[in-house]
Amino acid sequence: MSTIALAFDLGGTELRGALVERSGEVVKRVSAPTLAGAGSEAVIGQIIALADRLLKEHPQAKVSGIGMCAPGPLDPKAGIVIGPPTLAGWHNVPLIDILSRQFGLPVRLENDANAAALGEWRFGAGRGAGSLVFVTVSTGIGGGVVADGHIYHGRRGLAAEIGHMTITGEGDRCFCGNVGCFEAVASGTALGRRATRLTKPGDGSVLRRLSDDGDVSARHVVDAARAGDAAARELVETEAKWLGIGFTNLLHLYSPDLIVMGGGLANGFDLLAPGIRATVEERAMQAYRDVPIVPAELGDRAGLVGAASLILWEGEPGTALAMVQNEQTKLGETTGASARSIIERMKESEGN
Ligand SMILES: [Zn+2]
């Protein structure tokens, strides 16, 4: 059997575990509702129990290490979970130390958005790119930046907190305390809130019918827009404008080969894409306007396979990048074959 990693994606609501091959193939997946209120010892106990389950079912697996991702803030180099707001009782937990002592295996730790960025870069929508920005848009907005073949970490691994870049001076207060954060105006939560304010229970609108007269969610807005509802379409247009403004900032800051959008709102990517594109064309400087913006491909396994790659691909660039570079050397080409293949793939997905 080929080399395999144990991977864990620790979220505030769900703890996922998997055995992942070097190719990014998920051999076996398990999960449990995270005991998020019970403190770090209880959750680490869950991780150990899931690992036992995975290894019992695949006793012949040759596990070379454990790749783990968890919500930030965390310090990937020191292996310390600093204190995620979604997990009670986690303060400076030396997770790498604890797990490597427990299992006698090398352990690597990365924050969840960075791990998902790695997953999409090595095995998903970003294959072949030298640089990319991964943006996850759901309850909040998170991101990870692959710059010149590496995750961009910054001081203490805290870089790319893109949900909290200020993109306007108005709107609802973000949980971080500021007004005008990207997350506060463009997350799925923000979209749902706008839809809820626009309508009233019992008003007979499509949005309220879909929500059974409760609060309207981003999902309801996407579904209503897909069904042709005019109010929902307008909300989607506004949402796309905010995303386009945020993405324009990311283009100017990081000059990626592409932007990959994941998270729950990526379900509505086809509806949002024209508005995002129009905003980018309007606001980005000329040289940045042709950068593809594409939907993520790996869904909720991006974090798991990205975390596994911390072990199985340590120190190596993305798959297709290495392949493309080899091809280029063979052909004596110097042009950006990787960027070309991405643009071709984007055109294909637009045609669908
Ligand atoms: Zn904020």
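Summarised in this report is the structure supplied together with it.

## Things to note about the coordination of the zinc ion
As a benchmark, a tetrahedral metal site with four donors has ideal angles of 109.5 degrees, while an octahedral site with six donors has ideal angles of 90 or 180 degrees.
Then comes step 1: Protein coordination at the zinc ion: the donors are His164 (ND1), Cys174 (SG), Cys176 (SG) and Cys181 (SG), at 2.0 to 2.3 Å from the metal.
Then comes step 2: For the zinc ion, the four donor atoms are set out with angles of 103 to 122° between them, so the coordination reads as tetrahedral.
Then comes step 3: Each donor residue of the zinc ion belongs to the same chain, and together they define the spacing H-x9-C-x1-C-x4-C.
Then comes step 4: Relative accessible area serves as the criterion here: at 0%, Cys181 is assigned to the buried category.

## A closer look at the sheet that holds strand 11 (residues 258–262)
Then comes step 1: If you walk across this open sheet you meet the five strands as 10-9-8-11-12, and the pairing is mixed. The open sheet has two free edges, formed respectively by strand 10 (150–151) and strand 12 (293–295), since each of these has just one partner strand.
Then comes step 2: As paired elements, strand 8 (residues 132–137) and strand 9 (residues 141–147) share six bridges and run antiparallel to each other. Across the sheet, Thr136 pairs through a bridge with Gly142, a residue of strand 9.
Then comes step 3: Set on the sheet, helix 3 (residues 112–123) makes contact with strand 8, strand 9, strand 10 and strand 11; between it and strand 9 the angle comes to about 50°.
Then comes step 4: Relative to strand 8, helix 8 (residues 230–254) is tilted by about 155°, and along the sheet it contacts strand 8, strand 9, strand 11 and strand 12.

Rules and cut-offs
- Residues numbered from 1 in each chain as written.
- Predicted model: local features only at pLDDT ≥ 70, side-chain atom pairs only at ≥ 80, totals over all residues.
- Heavy atoms only, no water.
- Donors = N, O, S within 2.8 Å, 3.2 Å for Na, K, Ca; no water.
- Tetrahedral: all angles 85-135°; square planar, octahedral: opposite > 155°, others 65-115°.
- Buried < 20%, exposed > 50% of the residue type's maximum accessible area, 1.4 Å probe, protein only.
- Pairing = 2+ DSSP bridges.
- Helix = DSSP H or I, 4+ residues; strand = E, 2+ residues; numbered from the N terminus.
- Contact = heavy atoms within 4.5 Å.
- Axes fitted to C-alpha atoms, helices over the stretch in contact; angles between N-to-C directions.

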